[in-house]
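# Architecture at a glance
The residues making up each chain are set out below.
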Amino acid sequence: MDVLELEQKTGIKIKNKNLFRQAFTHKSYSRECNRQNFLDNERLEFFGDAVLEFVVSKYLFQRFPKKDEGELTRIKSSVVCEAALAEFAKELDFGAFVYLGKGEDRSGGRERSALLADLFEAFLGALYFDQGIDEVEKFLVRTVFTKIDKGWLTDIVDVKSRLQELVQRAKIGQLEYKITSVAGPSHNRIFAAEVYLGDTCLGKGLGSSKKTAQQHAALHALENWKK
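One structure accompanies this document, and this report is about it. Fair warning: this is a prediction, and the values are worked out from it, not measured in the lab.

## Notes on helix 1 (residues 3-10)
Turning to helix 1, its buried residues number three or more, namely Val3, Leu6, Glu7 and Thr10. Looking down the long axis of helix 1, one finds its buried residues gathered within 100° of arc, a one-sided arrangement. Turned more than 90 degrees from where helix 1 packs its buried face, Leu4 and Gln8 sit exposed. Capping the start of helix 1, aspartate 2 holds a side-chain oxygen 3.2 Å from the backbone nitrogen of leucine 4, two or three residues further along. Positive phi shows up at glycine 11, right after helix 1, with a value of about 75°.

Put into structure tokens, the structure is as follows:
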């Protein structure tokens, strides 16, 4: 892992390099190496998930004082969902830093939404243990919270609705989502989805669930639409 490049991408001055190496070590790589010094990132992911929930909850509580518990819960769920976390990880190019087993790498693991979302959480876990909760909050302000204030959340989370509105406004037909393939073992499925307007494919996407794959297909379609 290129620590200097990771520091440039994230704006973080890393202290414990081994901690971050673990955060970017997928279990497929750890199993292939079969060595104690190649711990995978699942424990850091577990802890990072809890840190993320806490910091996001705190931010939303302070940012939206008039919203009730139900509204705050819905917003939080949107921020910490797989599709959103994967987009945060993609913007930081986390897929380029992860250690993967050969099979996982060949099957497109660096682009898989579930893996990228897990990486983002593992990174937060490593950052907490390396520098504390204040640095986690500063990092999330730069990478996540400013985007919420700018409406990025709506763009990512509600992409299917936005695409539907564009098509209805243009009066050019009906959208249809198709699941084109399902790969991987039962506990780690990868779904491929495409969204069609008539016979024309507008976008394609991958995800660990049908819903997530459709969201990414819709996001791809929106990007093509803007072009």
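Still more ground to cover, so stick around.
## Things to note about the nonpolar core
Formed by 46 residues in total, the largest nonpolar core has its most connected members in Phe94, Phe120, Phe123, Phe139 and Leu140. Elements that contribute at least two residues to this core include exactly helix 1, helix 2 (17-23), helix 4 (42-63), helix 5 (69-79), helix 6 (82-91), helix 8 (113-131) and helix 9 (133-149). When residues in this core are grouped by element, the largest group, 10 residues, is from helix 8. Sequence-distant contacts of phenylalanine 94, defined by excluding residues within four places in its chain, comprise Leu6, Thr10, Phe24, Ala89, Leu119, Phe120 and Phe123. Core analysis: the second largest hydrophobic core is formed by 15 residues, Ala193, Ala213, Ala217 and Ala221 among them.

## A few points about the packing of aromatic side chains
Inspection of the entire model under this criterion finds 14 aromatic pairs. Between phenylalanine 24 and phenylalanine 94 the ring centres are 5.1 Å apart and the planes differ by 85°, which places this aromatic pair in the edge-to-face class. Of this pair, phenylalanine 24 sits in the loop between helix 2 and helix 3 (27-33) while phenylalanine 94 is found in the loop between helix 6 and helix 7 (102-106), placing the two residues 70 residues apart along the sequence. Residues phenylalanine 24 and phenylalanine 94 agree in their burial class; the two are buried. Of the aromatic side chains, those joined through ring pairs into one cluster are Phe20, Phe24, Phe88, Phe94, Phe97, Phe120, Phe123 and Phe139. The ring centre of phenylalanine 64 lies 5.5 Å from the NZ or CZ of lysine 67, which sits over that ring. Residue placement shows lysine 160 over the ring face of tyrosine 177; its charged tip is 4.6 Å from the ring centre.

## Regarding the side chain of glutamate 7
Tracing the backbone through its elements, the reader meets glutamate 7 in helix 1. Once you skip the residues sitting within four places of it in the chain, glutamate 7 turns out to touch Ile12, Lys13 and Ile14.

## Some remarks on the sheet that holds strand 2 (residues 190-197)
Pairing within the open sheet is antiparallel, and its three strands lie in the order 1-2-3. Looking at the sheet topology across the chains shown, the edges are occupied by strand 1 (175-183) and strand 3 (200-207). For this sheet, the mean angle separating the axes of adjacent strands, direction not counted, is 20°. Here strand 2 runs beside strand 3; their pairing, made up of seven bridges, is antiparallel. Following the sheet pairing, valine 195 is matched in strand 3 by glycine 203.

## A short note on the environment of alanine 86
For alanine 86, the position within the fold is in helix 6. Along the primary structure alanine 86 and glutamate 111 are separated by 25 residues, whereas in three dimensions their C-alpha atoms are 8.9 Å apart.

## Here we look at a negative patch on the surface
Together, Asp2, Glu5, Asp93 and Glu111 line one region of the surface with negative charge. Following the sequence through the fold, glutamate 5 ends up in helix 1.

## Remarks on the pairing of strand 2
Judged by how many residues are buried, strand 2 sits mostly within the fold: eight of eight residues are covered. Residues of strand 2 alternate between two faces, with Ile190, Ala192, Glu194 and Tyr196 on one and Phe191, Ala193, Val195 and Leu197 on the opposite face, all of them buried. Looking at chain direction, strand 1 and strand 2 are connected through eight bridges and run antiparallel. Within strand 2, the residue paired with tyrosine 177 across the bridge is valine 195. Between strand 1 and the antiparallel strand that follows it, strand 2, lie six residues; glycine 184 among them carries a positive phi value of about 90°. Joining the antiparallel neighbours strand 2 and strand 3 is a turn of two residues, in which glycine 198 adopts a positive phi near 70°.

Conventions adopted
Residues numbered from 1 in each chain as written. Predicted model: local features only at pLDDT ≥ 70, side-chain atom pairs only at ≥ 80, totals over all residues. Heavy atoms only, no water. Buried < 20%, exposed > 50% of the residue type's maximum accessible area, 1.4 Å probe, protein only. Helix = DSSP H or I, 4+ residues; strand = E, 2+ residues; numbered from the N terminus. Arc of directions from axis to C-beta. Polar contact = N/O pair within 3.5 Å; in protein donor to acceptor, adjacent residues only side chain to side chain. Core = buried A, V, L, I, M, F, W, Y, C linked by side-chain atoms within 4.5 Å. Contact = heavy atoms within 4.5 Å. Phe/Tyr/Trp six-rings, centres within 6.5 Å; stacked < 30°, edge-to-face > 60°. Lys NZ or Arg CZ within 6 Å of the ring centre and 35° of its normal. Pairing = 2+ DSSP bridges. Axes fitted to C-alpha atoms, helices over the stretch in contact; angles between N-to-C directions. Patch = residues over 30% accessible without salt bridge, like charges linked within 9 Å, V, L, I, M, F, W, Y side chains within 5 Å. Areas by Shrake-Rupley, 256 points an atom, 1.4 Å probe, with all protein chains shown as cover. Salt bridge = Lys/Arg side-chain N within 4 Å of Asp/Glu carboxyl O. Lys, Arg positive; Asp, Glu negative; His and termini not counted. Charge placed at Lys NZ, Arg CZ, Asp CG, Glu CD.

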